[in-house]
Every structure is written in C-alpha cells, then in structure tokens.
Amino acid sequence: MKDATIIRSGKTPEDRPEPETGQTEENELLRRIAARDAGAFERFYLIYHPRLFRFILRITRNPDQVEELIHETLLFVWEQPSRFNATSKVSTWVFGIAYNKALKAASRALRRSNDLDIDEFVDVLGDPLGNHSERREAEDWMHAALATLSVEQRAVVLLTFVDGLPYEEIAQVLECPENTVKTRMFHARRKLQAFANDSRS
C-alpha cells in the first residue's frame, strides 16, 4: 500500500469523538507500525489527527496548511518509527515532529512575503464563552496579547495552558533544556502582563 493511500484512509472528520487511548496502546501501535502494519497506522492516525489539527492550527493560524502538516507529521511516523527512542511519551515525540514542521512552514511563509509577521501566528486560550459578543471580544484580546510573544514563547504558553503539559515534556517537544522552557515562560508572562496593563490604561 502506498504511503499517500494509507494517510488518506485514516482521515477522520473533526466532529468524530477522539478515540480513547493510553501510553501502552500507543507504544504497541508504534511497534506494529515499525512492522509495516497499515491497520495499526490507521488507528494511530485516528488518535492523532484531531489532536494535531488543534495543535498545528494554534501554531500556524493557517487552516489551509493544517492538513498538509498533519500529513507530513504522520508520514514521518509511518516512514521512520524507529526514530522514537522510548525515552519520552509517544505523544511528546509526535508533537515535537509537528512543532518542527509548523515552524519550518512558518519560516517559508515569512520568506515568501515581507508583509507576513511570524508573530501573527497566535490562538485563543481558554474555554469558549457562552455570549457570542463576549467570546469575540475575548478572542480578539487574546489574539493581540499572544501576538506580542515570539513563536517560541507562544508555543510554551499554548503547550502549558491549553495542552496541559509539564515543563519536562514541553522541553522534549521543543527540543530544548527545561530551564529554557522556564525562561521563555517567564518572559512570556511579563509580556502578557504588560499587555494587560496597557489595555487597562
């Protein structure tokens, strides 16, 4: 079976409930993928497609790129499962692949247009509000606030407060020391606080 066919066959609508899974199952699926088990890959795809969709969209803010980057990320998993060394969670490894591919896509887009600001790649934190006008106002505010952060700082904020990852796992996803993650969060908090203070003045 060709790789592209495998990728397409695992696609799932965004409104389908996310499959429940555990670390043991994901490790087993990855082992079977290494043995070229297409069925295992399709299950893996169903698990990770919605998670990667949300993550990549928050990083890139470009819906047109999301499916392509999901494809690239999971194609890497299919082609190079041996790159997972089992020193981290499978999810940490997969999100690290997606993050690197999203950063490269953002860099390519920045080079193609002098008008494109990489700091525009932001997303809204928190749960949706019931009132539409309040929700829109909150989204606009958070969009502007996160735009003050660098991509690296924004990734730390999103992975911490949206995905709920501890600093140790974030360091593995971003491939940097844990102290670097803490430093980025420190500066991100300062920038967000300054933005909040300016907004109230």
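No experiment lies behind these values; they were computed from the predicted model shown. (Residues numbered from 1 in each chain as written. Predicted model: local features only at pLDDT ≥ 70, side-chain atom pairs only at ≥ 80, totals over all residues. Heavy atoms only, no water.)

Quick word on the overall build of the protein
The test is simple: Numbering of helices and strands starts at the N terminus; helices are DSSP runs of H or I of at least 4 residues and strands are runs of E of at least 2. Only protein chains enter the accessibility calculation, which uses a 1.4 Å probe; a residue is then buried when its area is under 20% of its type maximum, exposed when over 50%, and partly exposed in between. For this analysis, residues touch if any pair of their heavy atoms sits within 4.5 Å. Accessible surface area values rest on a Shrake-Rupley calculation with a 1.4 Å probe, where residue burial reflects the displayed protein chains alone.
Broken down by element type, the protein carries nine helices and zero strands. Reading the helices (α) and strands (β) of the protein from amino to carboxyl end gives α-α-α-α-α-α-α-α-α. Buried positions account for 40% of the 201 residues belonging to the protein. In the protein, the proportion of contacts linking residues at least 24 apart, taken out of those at least 6 apart, comes to 65%. Carbon and sulfur atoms make up 49% of the accessible area of the protein, which totals about 11,100 Å².

Notes on the confidence of the model for the protein
Our working definition: Confidence of the prediction at every residue is given by pLDDT, a number between 0 and 100.
Mean pLDDT over the protein: 77, with 72% of residues reaching 70 or higher. Of all secondary-structure elements in the protein, the lowest mean pLDDT belongs to helix α1 (residues 3–9), at 48, while helix α2 (residues 23–34) reaches the highest, 93. Segment residues 8–17: pLDDT under 50, and 13 contacts once partners within four positions in sequence are set aside and those in other chains are kept.

Some thoughts on the packing of aromatic side chains
This is how the line gets drawn: Centres within 6.5 Å are what make two rings of Phe, Tyr or Trp a pair, Trp counting through its six-membered ring; a difference in plane orientation under 30 degrees is then read as stacked, over 60 as edge-to-face, and the rest as tilted. Only lysine NZ and arginine CZ atoms are considered, and such an atom sits over a ring when it is within 6 Å of the ring centre and within 35 degrees of the ring normal.
Evaluation of the coordinates by the stated rule reveals six aromatic pairs. Ring geometry for phenylalanine 55 versus phenylalanine 95: centroids 4.9 Å apart, planes at 85 degrees, classification edge-to-face. Placement of the pair is phenylalanine 55 in helix α3 (residues 38–60) and phenylalanine 95 in helix α5 (residues 90–112), with a sequence separation of 40 residues. Sitting above the plane of the tryptophan 78 ring, arginine 36 keeps its charged end 3.9 Å from the centroid.

Brief notes about α3
Just so we agree on the cut-off: Here the bend at each residue means the angle between axes fitted to two seven-residue stretches, the one ending at that residue and the one beginning there. Pairing of N or O atoms within 3.5 Å defines a polar contact, subject to two protein rules: one partner must be a possible hydrogen donor and the other a possible acceptor, and residues neighboring in sequence count only if both atoms are side-chain atoms.
At tyrosine 48, α3 shows its strongest bend, of approximately 40 degrees, with the proline proline 50 following within four residues. With a side-chain oxygen lying 2.9 Å from the backbone nitrogen of glycine 39, the N-terminal cap of α3 falls on aspartate 37. Phi turns positive one or two residues past the end of α3, at arginine 61, with a value near 55 degrees.

So, the packing of α3 against helix α4 (residues 63–79)
To describe two helices that pack against each other, one gives the angle between their axes and the distance between the axes. Quick note on the threshold: With axes taken as lines fitted to C-alpha atoms, and helix axes fitted only over the stretch in contact, angles between N-to-C directions fall between 0 and 180 degrees. In what follows, roughly perpendicular refers to angles from 65 to 115 degrees, roughly parallel to angles under 35, roughly antiparallel to angles over 145, and oblique to any angle outside these ranges. Left-handed describes a crossing whose near helix is turned anticlockwise from the far helix through less than a right angle; right-handed describes the clockwise counterpart.
It is at 9 Å that the axes of α3 and α4 come closest, and there the two elements cross at 140 degrees. Compared by their axis directions, α3 and α4 come out oblique. For the pair α3 and α4, the crossing hand works out as right-handed. Taking contact as the criterion, the partners of Ala38, Phe41, Phe44, Tyr45, Tyr48, His49, Leu52, Phe53, Ile56, Leu57 and Thr60 in α3 are, on α4, Pro63, Gln65, Val66, Glu67, Leu69, Ile70, Thr73, Leu74, Val77 and Trp78.

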